[in-house]
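Letter by letter, the chains look like this.
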Amino acid sequence: AGPWLKEEAQVMDPFCGAGTLLVERSYYSHTKSSYGTDIFGEAIAKARANARIAGMPIHFINRDFMDFKHDYLFDEIITDMPDQSQQSRADVKNMYGGFLNKSAQVLKEGGVAVVYTKEPAAIKEALESRKEFHMEKEYCISEKNNGYLYIIRYRQGERT
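Computed from a predicted structure; not experimentally measured. (Residues numbered from 1 in each chain as written. Predicted model: local features only at pLDDT ≥ 70, side-chain atom pairs only at ≥ 80, totals over all residues. Heavy atoms only, no water.)

Counting its secondary structure elements, the protein chain contains four helices and seven strands. Taken from the N to the C terminus, the helices and strands of the protein chain come in the order β-α-β-α-β-β-α-β-α-β-β. If you line up the protein chain on its principal axes, its C-alpha atoms span 40 × 35 × 30 Å. Here the protein chain holds 160 residues, and the buried ones make up 49% of them. Partitioning the intrachain contacts of the protein chain with sequence separation of at least 6 by distance along the chain shows that 67% fall at a separation of at least 24. With an accessible surface of roughly 8500 Å², the protein chain has 48% of that area assigned to carbon and sulfur atoms. Of note, the protein chain has its 21 positive side-chain charges centred 2 Å away from the centre of its 23 negative side-chain charges. (Helix = DSSP H or I, 4+ residues; strand = E, 2+ residues; numbered from the N terminus. Buried < 20%, exposed > 50% of the residue type's maximum accessible area, 1.4 Å probe, protein only. Contact = heavy atoms within 4.5 Å. Areas by Shrake-Rupley, 256 points an atom, 1.4 Å probe, with all protein chains shown as cover. Lys, Arg positive; Asp, Glu negative; His and termini not counted. Charge placed at Lys NZ, Arg CZ, Asp CG, Glu CD.)

Below is the structure:
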């Protein structure tokens, strides 16, 4: 995903877990600010500890991304989508649609979402009706585990 990442970016991980992606993103190139949200308090506590050990000033918030509000927009979203293997097809569809809806609210014009998922059909289906999002690149990370990485660009002017 390196070619799509920006120096001094404002970065958001909506499902941050233990914060690994935000720490690694900050190692790749300096970020202006990094925020992570997660609904699991234990994960947020671990994320804060991991950022402290790494010496990274990352902000972690115990909150559902869908309810997250912030004073400014982000250049990047980088995330590992939550495991949806035990969910119904309708719930998976709603999760991915909601993720794109919220992403449109928090991303700057021209911002990118770097999304790792084991539900490639769900992200593609969600993107079909969203003209303001353009899939820049798709990488198969693991055929065995059905893991894919998507680089998705947000263009507000193309909203339908």
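That was the structure; now back to the text.
With that out of the way, let us pick up the pattern of salt bridges. Close approach of charged atoms allows side chains with opposite charge to pair. A complete count under the given rule lists nine salt bridges for this structure. We note a salt bridge from Lys 6 to Asp 75, for which the minimum N-O separation is 3.0 Å. With a gap of 69 residues between them, Lys 6 in the segment before strand S1 (9-13) and Asp 75 in strand S4 (residues 74-80) connect regions that are remote in the sequence. Measuring nitrogen to oxygen at the nearest pair gives 3.1 Å for the salt bridge that ties Lys 124 to Glu 138. Of this pair, Lys 124 sits in helix H4 (residues 120-128) while Glu 138 sits in strand S6 (residues 133-142); the two residues are 14 residues apart in sequence, bridging distant segments of the chain. (Salt bridge = Lys/Arg side-chain N within 4 Å of Asp/Glu carboxyl O.)

Within the sequence span of H4, burial applies to Pro 120, Ala 122, Ile 123, Ala 126 and Leu 127. Looking straight down H4, one finds that the buried residues subtend no more than 165 degrees of arc, so they occupy a single side. Turned more than 90 degrees away from the buried face of H4 sit Ala 121 and Glu 128, all of them exposed. Elements that come into contact with the buried residues of H4 comprise helix H3 (89-106), strand S5 (107-117), S6 and strand S7 (147-154). (Arc of directions from axis to C-beta.)

With that settled, the discussion passes to the environment of Val 115. Of note, Val 115 is situated in strand S5. Looking at Val 115, the relative accessible area reads 0%, which means it is buried. Residues Val 115 and Thr 79, spaced 36 residues apart in sequence, show a C-alpha to C-alpha distance of 5.2 Å. When residues no more than four places from it in sequence are discounted, the contact partners of Val 115 are Thr 79, Met 81, Phe 99, Tyr 148, Leu 149, Tyr 150 and Ile 152.

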